[in-house]
Amino acid sequence: MPSTQDWINDPLAVVEEMFAASQNNSNSGWETKAVEFFQDQLKERDTHTLVPSLNDVPLHYLKPNSLVKFRCLIQDMFDPEFYMGVYETVDPSTKTKVRMLRCGKYKDVTECGVDFNSRNTVTAERQTFYCVPIPGENPWVKEISSSCLTEARVVPSTSYAPSRQKRSYEEDDDMDTQPQKQREPHAGMKIPSEHHGNGDCKRQETEAPSSQTASASHLDLNFPLPGEKGPSCLVKVYEDWDRFKLNDTLEVYGILSVSPALSALADEKDASSSLLDPAESMETAEEQRVHSPPASLVPRLHMLHAKPLPHNNPLLPSAALEDNSAFLSSTLSEMASVREEILSYFTHVLLGDALAAEYLILHLISNVYSRRDVLPLGKFTLNLSGCPTVASYTERFYQIIQQLVPSSHYLAMSLQNMNQMRLVPKKDYVANRLVSGALQLARNTSLFLDETQLEQGQLDTTGVRNVTALGNLISWQKVDYDFNYHQMEFPCNINVLIASEGRSLLPSDCQIHLQPQVAPSHLEESLSSIHMHPQASSQLNKFRIYLSMARLLDYSISDEVTKSVEDDFVDMRKDDPQSISAEDLHRMLVVARLLSLSLGQTSLSRDSWLRAKHIEMLRRSRMEQHKCVNGNEP
């Protein structure tokens, strides 16, 4: 049994050992056993914390061909590719056949002396995903995740000398290695090749194009949000790739490949591309550039195990809640008291408006838990109207939310942004890739739309399309990706909060008009006291756990309570049938569900239903009063 350091630092040795042992038994199922070995190792208590993370450790500190993990979103899915799963080697000096089969799985580069005419060569297929760090992941998530991996950060930096990054590709070319996909056409089939025509030869930490080093300034890493940092990655998937979908969030464990030979091949390809007949290549130059970027900038990760992420809050257990009964029970018992604390905090943030604070809590824990036909159930888009336009209130309000939720994005709905931003992802058929847009977000991302930034002017075609996309996102929790000749619906689960002066021009599930209890002259003083001091991080962590936990809880309604709700609805319509509609009832049921979950209750009680009716009555009364005062308000 390999030691922990063996299977983390040299996972290929474990794979090759199992492959070699299988040669005497054709039915050994070594590939399944290899995957199960790594999965079993990672299930051991806290073992996953020993594996270094691409999100936290700069690429040049990671040992090539070691086991690493990557917390990511599947931004694009490329076409399947062929590789040499098994090949036979030849001694290059004597041309004597070495009767030894080699395993080509989990590799980009073969060993020396491949016999391309061997009948034992086995061609296999793998899928490639283009993965990016989770868009909008907030700094506190990165800091806590990084602090949990102190030991993992030490391992690669001590076992792998950083001086390695100073070697050029020319020096590495002296090594007798052969990129698999360069040689595979000898087998008689077209194989896509790993290459790129430019790129610095030194490994470096990557970040978004806006602040990238000169060598990568031409390379668009295709992050959905501007200003994002971190590596993108080409993840090679070997089995069951149909279980993954675009925009899934995963934690991928795999073998890191940053072979300089991949970029050396790219240089050769670029130098000869002008001499080739375009008809001889299935890929355009642009497609080759996008699909085979330098490994020093976009490393390859050969997947051994992938864990779907229901959330990316590092304060919660990574396993399912039902598998952590002790954590679940202790957290549930404290939720009612934490709710009072966060309600008080939000009341202060919302300038003394306790009712708006109630609805803000409900919004932040909302979640699309199911879909009935096209209708998403559980969404709760909140329009907070009446927001002050002074003292940068909305920006400060967003910064508070940013401190509490794992992933978020602030979108100022200025005329310039609406007319110029690309919100909807679009298919680029020349490069054969999906060009990302700002609405290509992970599930449970909080999207803050600042409508107070909208000024008078004309929306152009792009602006109208962007506003329509936001409306569809809010109403149907879907984004229609642009495939030029048609649109394709992609369901999503994004919490949208709209801050506006009057009623938003966008639809919402619930509108509440802010009633500040702070005089305008004291607004700046009140806002400056909102931010928690670093000493209060334990309080912030309580709030972060609370909001994420409430989202993950199951919920049910008993037959008895259902009958009670139906009777209440009939009674409310008796006196005035126009006073409450089916839409109002649906909203009250959503509010009751969220109210129950916010108290740590997984089923609806009679008390929670009555409380939901009460706060809905207060909200509707406030909106009626506001409508009377502002007759021109829609």
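Residues numbered from 1 in each chain as written. Predicted model: local features only at pLDDT ≥ 70, side-chain atom pairs only at ≥ 80, totals over all residues. Heavy atoms only, no water.

Identification of the protein chain as Mini-chromosome maintenance complex-binding protein from Amphiprion ocellaris is taken from an unreviewed UniProt entry. Under the Sequence similarities (unreviewed entry) heading, UniProt states for the protein chain: "Belongs to the MCMBP family." Its UniProt record gives the protein chain the following Subcellular location (unreviewed entry) comment, quoted word for word: "Nucleus". (UniProt positions renumbered as here; feature names shortened; annotations may be inferred.)

All right, on to the overall build of the protein chain then. A tally of helices and strands in the protein chain yields 19 helices and 20 strands. Out of the 634 residues in the protein chain, the part that is buried amounts to 53%. Contacts spanning at least 24 positions in sequence make up 78% of the contacts within the protein chain whose residues lie at least 6 apart. Within the structure as shown, the protein chain displays about 28,700 Å² of accessible surface, and the carbon and sulfur contribution to it stands at 50%. (Helix = DSSP H or I, 4+ residues; strand = E, 2+ residues; numbered from the N terminus. Buried < 20%, exposed > 50% of the residue type's maximum accessible area, 1.4 Å probe, protein only. Contact = heavy atoms within 4.5 Å. Areas by Shrake-Rupley, 256 points an atom, 1.4 Å probe, with all protein chains shown as cover.)

Turning our eyes to something else, we now look at the packing of helix H2 (residues 11-21) against helix H3 (residues 30-43). Contact geometry for H2 and H3: axes closest at 9 Å, N-to-C directions at 145 degrees. Two packed elements cross with a definite hand, and for H2 against H3 that hand is right-handed. Along its contact with H2, which presents Pro 11, Val 14, Val 15, Met 18 and Phe 19, the element H3 presents Trp 30, Lys 33, Ala 34, Phe 37 and Phe 38. A breakdown of the residues in the contact of H2 with H3 according to their chemical character gives nine nonpolar, no polar and one charged. (Axes fitted to C-alpha atoms, helices over the stretch in contact; angles between N-to-C directions. Left-handed = near helix turned anticlockwise from the far one by under 90°. Nonpolar A, V, L, I, M, F, W, Y, C, P; charged D, E, K, R; others polar.)

Reading across the sheet, the five strands line up as S13-S16-S19-S12-S20 and stay open at both edges, with parallel pairing between neighbours. Among the strands making up the open sheet, the edge pair consists of strand S13 (408-412) and strand S20 (510-513). For this sheet the average axis-to-axis angle between neighbouring strands, irrespective of direction, equals 15 degrees. Pairing between S13 and strand S16 (residues 446-450): five bridges, direction parallel. Bridge pairing in S16 places Leu 411 opposite Leu 449. Sheet strands touched by helix H11 (residues 354-364): strand S12 (382-385), S16, strand S19 (495-499) and S20. Its angle to S19, the strand with the most contacts, is close to 150 degrees. (Pairing = 2+ DSSP bridges.)

This part is about the pattern of salt bridges. The tally for this structure, following the rule as stated, stands at 26 salt bridges. Residues Lys 105 and Glu 31 are paired through a salt bridge, measuring 3.4 Å at the closest nitrogen-oxygen approach. Highlighted residues: Lys 105 in the loop between strand S3 (97-103) and strand S4 (109-110) and Glu 31 in helix H3, separated in sequence by 74 residues. For Glu 31, a relative accessible area of 37% gives the class partly exposed. Ionic pairing is found between Asp 584 and Arg 587, a salt bridge with its closest N-O pair at 3.1 Å. With Asp 584 and Arg 587 both in helix H18 (residues 582-598), this residue pair falls three residues apart, about one helical turn. Judged by its relative accessible area of 13%, Asp 584 is buried. Judged by its relative accessible area of 14%, Arg 587 falls in the buried class. The network of salt bridges with shared partners includes Asp 584, Arg 587, Glu 616, Arg 619 and Arg 620. (Salt bridge = Lys/Arg side-chain N within 4 Å of Asp/Glu carboxyl O.)

Looking now at empty space enclosed by the protein. One pass over the structure, following the stated rule, counts six cavities of 30 Å³ or more. The space that makes up the largest cavity amounts to roughly 150 Å³. Lining the largest cavity are 14 residues; nearest its centre among them are Pro 310, His 311, Asn 312, Arg 443 and Asn 444. Its residues assigned to classes, the lining of the largest cavity comprises five nonpolar, seven polar and two charged. Looking at the second largest cavity, its volume works out to about 100 Å³. Taken together, 13 residues form the lining of the second largest cavity, with Tyr 130, Leu 219, Asp 220, Val 290 and Arg 433 sitting closest to its centre. Breaking the lining of the second largest cavity down by element, the ones donating at least two residues are strand S1 (67-77) and helix H9 (285-291). Taken together, the residues that form the lining of the second largest cavity break down as seven nonpolar, two polar and four charged. (1 Å grid on protein atoms, 1.4 Å probe; cavity = no way out; pocket = protein on both sides within 12 Å on 5 of 7 lines; lining within 4 Å. Points joined across faces, edges and corners; volume = space filled by probe spheres on them.)

Another point: the packing of H11 against H18. Where H11 meets H18, the axes come as close as 9 Å, and the angle between the chain directions of the two elements is 85 degrees. One way to sum up the angle between H11 and H18 is to call them roughly perpendicular. Note on element contacts: H18 touches H11 through Val 591, Leu 594, Leu 595 and Ser 598, opposite Glu 358, Tyr 359, Ile 361 and Leu 362. Its residues assigned to classes, the contact of H11 with H18 shows six nonpolar, one polar and one charged. (Parallel < 35°, antiparallel > 145°, perpendicular 65-115°, else oblique.)

Turning next to the nonpolar core. One finds Phe 346, Leu 350, Tyr 359 and Phe 397 to be the most contacted residues of the largest nonpolar core, which totals 63 residues. Among residues more than four places away in sequence, those in contact with Phe 397 are Val 349, Leu 350, Leu 360, Leu 384, Phe 448 and Leu 497. With 49 residues, the next largest nonpolar core counts Met 413, Val 424, Phe 483 and Leu 506 among its residues. (Core = buried A, V, L, I, M, F, W, Y, C linked by side-chain atoms within 4.5 Å.)

Take helix H14 (residues 461-476) next. Between the first and last C-alpha of H14 there are 22 Å, a value that for 16 residues agrees with the 22 Å anticipated at 1.5 Å per step. Of all the residues in H14, the buried ones are Gly 463, Asn 466, Val 467, Ala 469, Leu 470, Gly 471, Leu 473 and Ile 474. Turning to H14, the residues buried within the fold contact S13, helix H13 (415-420), S16, strand S17 (478-482) and S19. Two or three places before Thr 462, at the opening of H14, Asp 460 has a side-chain oxygen 3.1 Å from that residue's backbone nitrogen. (Expected span 1.5 Å × (residues − 1). Polar contact = N/O pair within 3.5 Å; in protein donor to acceptor, adjacent residues only side chain to side chain.)

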